[in-house]
Amino acid sequence: MTAKLILGTEIREQILEEITAEVKAIKAKHGVVPGLVTILIGENPASMSYVTLKIQTAHRVGFTEVQDSQPVDISEADLLALIDKYNKDDSINGILVQLPLPKHINEKKVLNAIDPDKDVDGFHPVNVGRLMIGGSEVRFPPCTPAGIQEMIVRAGVETKGAEVVVVGRSNIVGKPIANMMLQKGAGANSTVTIVHTGTKNMDAHCKRADILIVAAGVPGLVKPEWIKPGACVIDVGVNRVGEKVSEKTGKKIAILKGDVDFDAAKEIAGSITPVPGGVGPMTITMLMKNTLKSLKFKLGIA
Ligand code: NAP
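Just so you know, these numbers come straight off a predicted model, no measurement behind them. (Residues numbered from 1 in each chain as written. Predicted model: local features only at pLDDT ≥ 70, side-chain atom pairs only at ≥ 80, totals over all residues. Heavy atoms only, no water.)

Asks: Looking at this model, I keep getting lost on the environment of Leu-131. Mind explaining?
Replies: Along the chain, Leu-131 falls in helix H5 (residues 125-133). Exposure remark for Leu-131: the relative accessible area of 8% places this residue in the buried category. For the pair Leu-131 and Ile-177, spaced 46 residues apart in sequence, the C-alpha to C-alpha distance is 10.0 Å. (Helix = DSSP H or I, 4+ residues; strand = E, 2+ residues; numbered from the N terminus. Buried < 20%, exposed > 50% of the residue type's maximum accessible area, 1.4 Å probe, protein only.)

Asks: What should I look at first to understand the nonpolar core in this one?
Replies: Soluble globular proteins tend to bury their nonpolar side chains together. Counting residues in hydrophobic clusters, the biggest one holds 46 residues, and the most contacted among them are Ile-19, Phe-63, Ile-148, Ile-213, Ile-234 and Met-288. Apart from residues no more than four positions distant in its own chain, Ile-148 is found in contact with Val-173, Ile-177, Ile-213, Ile-234, Val-236 and Val-279. Ala-209, Val-214, Val-222 and Ile-227 belong to the second-largest nonpolar core, a separate cluster that totals 18 residues. (Core = buried A, V, L, I, M, F, W, Y, C linked by side-chain atoms within 4.5 Å. Contact = heavy atoms within 4.5 Å.)

Asks: Would you explain helix H2 (residues 45-60) in this entry?
Replies: Because each turn of an α-helix spans 3.6 residues, side chains separated by three or four positions end up pointing in the same direction. Compared with the 22 Å implied by 1.5 Å per residue over 16 residues, the 22 Å span of H2 between its first and last C-alpha is a close match. Of the residues making up H2, those classed as buried are Ser-47, Val-51, Lys-54, Ile-55, Thr-57 and Ala-58. Taken around the axis of H2, the buried residues stretch over an arc of 160°, which confines them to a single face. Exposed and facing more than 90 degrees away from the buried side of H2 are Pro-45 and His-59. Along its buried surface, H2 packs onto helix H1 (8-30), strand E2 (35-41), strand E3 (64-70), strand E4 (94-97) and helix H10 (282-299). For H2, the N-terminal capping position is held by Asn-44, with its side-chain oxygen 2.9 Å away from the main-chain nitrogen of Ala-46. At the C-terminal side of H2, Gly-62 shows a positive phi close to 95°. (Expected span 1.5 Å × (residues − 1). Arc of directions from axis to C-beta. Polar contact = N/O pair within 3.5 Å; in protein donor to acceptor, adjacent residues only side chain to side chain.)

Asks: Just checking my understanding: could you explain unusual backbone geometry for this structure?
Replies: If a residue is not glycine, its phi is most likely negative; likewise, a peptide bond is most likely trans. For the bond from Leu-99 to Pro-100, the omega torsion is 0°, close enough to zero to count as cis. One can find Pro-100 in the loop between E4 and helix H4 (107-113). Each neighbour pair has its own omega, and for Val-275 with Pro-276 the value is -5°, a cis peptide bond. Relative to the assigned elements, Pro-276 resides in the loop between strand E11 (271-272) and H10. Positive phi, close to 60°, is recorded for Asn-189, a residue that is not glycine. Its place among the elements puts Asn-189 in the loop between helix H7 (174-182) and strand E6 (191-195). Asn-189 sits in the partly exposed class, given a relative accessible area of 29%.

Asks: Looking at this structure, I do not really get the site of the ligand. What am I missing?
Replies: Around the ligand, a shell composed of 20 residues is seen, among which Arg-169, Ser-170, Thr-197, Val-238 and Thr-283 lie nearest. Ser-170 is positioned such that a nitrogen or oxygen atom in its side chain is 2.5 Å from an oxygen atom of the ligand. The contact in question runs from an oxygen atom of the ligand to an N or O atom on the backbone of Val-236, over 3.3 Å. Protein chains shield 69% of the accessible area of the ligand, which is 930 Å² for the free molecule. Among the residues making up the shell around the ligand, the classes are represented as nine nonpolar, ten polar and one charged. (Near = heavy atom within 4 Å. Areas by Shrake-Rupley, 256 points an atom, 1.4 Å probe, with all protein chains shown as cover. Nonpolar A, V, L, I, M, F, W, Y, C, P; charged D, E, K, R; others polar.)

Structure follows, in structure tokens:
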């Protein structure tokens, strides 16, 4: 059996088109568009390319986008004042501080200074609490888990009553996706297990999974014999395992592998995400969805 591929590259295009149409409709009716500010400290090349991609995507869907670049030696107080300025700015619906921050700045203090109603990354403790409560309390599910759930739903995989096993318990992927899948409601209502480095017999847990979500950061951790035939396998892992020369650009690029032995797993699973091209493209997409949602909450139409 060869599994159906769940492609983030394709689902991203559908969602961005939906967002673009909704932005146009809101603009026509209410005369406003979502505003997203990205605060970048210093010139870390990886952070700069992430920010560029976020800004380009925001532009594509019709948002007002602001890129606020600050020097690497900005003081913590000045950064907090900047966040306060955007918290009070009515034209801004989403505030994003690109991580990592320089060592002299307390990351937690900075992220907690963002107005929870503009925290489109969904990392503020208020939004973590809202997610835990579930239902209408939820404002901004964190972007990677939100992308994972969206992929499962759009692939037509039944979640109600499904055994979901999540490998990894990080605050940005494992814990929130586990929490989202156990909520009572559409696209969830699953029976959820989280496994981690303290788990005994991890393979036995994985073998039970109708939906196996793997976010460990260990290349090839999940072996094909751990996969239940026909299961939906979502591989969140992005591991750089070497370099190659790009045929397109002639430049050196990273060779990426997921946490699942893809070639063997695709012969057993019912559906599976590849790496790259699976979960990866969904994170920025869901950031756009959260920013649109922020404006909709403000307008009372969410
Ligand atoms: P993280 O903070 O390092 O957490 C990894 C989790 O996996 C931890 O809970 C850890 O367990 C668990 N784990 C590690 N090795 C394990 C093993 N051998 N057996 C069982 N559990 C193990 O990582 P993360 O931020 O969640 O990211 C996970 C992966 O997803 C990374 O490859 C990352 O690059 C990728 N990622 C991709 C996207 C995207 O595509 N958009 C977004 C975010 C992350 P303990 O808690 O016991 O240490």
